Amino acid sequence: MAQRIHFNASIDGVAYGVLDDLVGYAVRRAQLSIYEDFGATMGAEEITPQRFSSLVIVESNPGISQTRLAEVMGIARSGVVAIIDDFENKGLIERQASGDRRSYSLLLTKAGARQLKRYKQAVKEHDERISAALSQAEKEQLLALLRKLCAPES
């Protein structure tokens with residue numbers, strides 16, 4: 001099991017001023033801490049949160065196009081192409097021709113499915129570790145509040 005890297009979001013003797021009252025600042029500091037633990041967990045596998053998310057989206061949406069994956073991930077299409085190129089070279093994802101010569105459908109290979117199963121277990125353990133201070137109800141409340149922050153304006 002990966003050792004949790006402690007990111008100190010509040011250093012004694014440092015005044016943070018208005019930052020202590022900003023939701024965005026608190027979310028960013030939490031993200032830094034979480035990202036460090038993710039890196040300690042998955043770094044040897046060369047899997048970042050973005051790469052892990054890409055594999056999960058492809059698994060959950062067999063045949064998704066690279067363009068659609070880029071849209072879902074919120075990154076440039078060229079970024080997705082680089083990720084998929086790497087996964088294809090490692091035998092985790094395969095591109096299949098679609099009806100459009102400019103587009104490919106993405107599918108996990110059998111090896112990709114096996115690897116992703118291992119990755120999911122490690123990421124679940126990471127998630128349990130970083131949220132251990134929260135009760136189940138608090139975790140659900142936090143997820144609901146974060147989803148609210150990400151919801152499009154009505």
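The structure this text deals with has already been given above.
In this report, the structure presented in the accompanying data block is examined. (Residues numbered from 1 in each chain as written. Predicted model: local features only at pLDDT ≥ 70, side-chain atom pairs only at ≥ 80, totals over all residues. Heavy atoms only, no water.)

Quick word on the packing of aromatic side chains
- Using the criterion set out here, one finds 2 aromatic pairs in the structure.
- Here Tyr 16 and Tyr 25 contribute two aromatic rings whose centre-to-centre distance is 6.5 Å and whose plane-to-plane angle is 45 degrees, an arrangement assigned as tilted.
- With relative accessibility at 21%, the residue Tyr 25 sits in the partly exposed group.
- Above the ring of Phe 87, the side-chain terminus of Arg 51 is found at 5.6 Å from the ring centroid. (Phe/Tyr/Trp six-rings, centres within 6.5 Å; stacked < 30°, edge-to-face > 60°. Buried < 20%, exposed > 50% of the residue type's maximum accessible area, 1.4 Å probe, protein only. Lys NZ or Arg CZ within 6 Å of the ring centre and 35° of its normal.)

Thoughts on helix 1 (residues 23-42)
- An ideal rise of 1.5 Å per residue puts 28 Å on 20 residues; helix 1 measures up with 28 Å between its terminal C-alpha atoms.
- Those residues of helix 1 that fall on the buried side of the exposure criterion are Arg 29, Ser 33, Asp 37, Phe 38, Thr 41 and Met 42.
- Packed against the buried residues of helix 1 are helix 2 (49-60) and helix 5 (110-130). (Helix = DSSP H or I, 4+ residues; strand = E, 2+ residues; numbered from the N terminus. Expected span 1.5 Å × (residues − 1). Contact = heavy atoms within 4.5 Å.)

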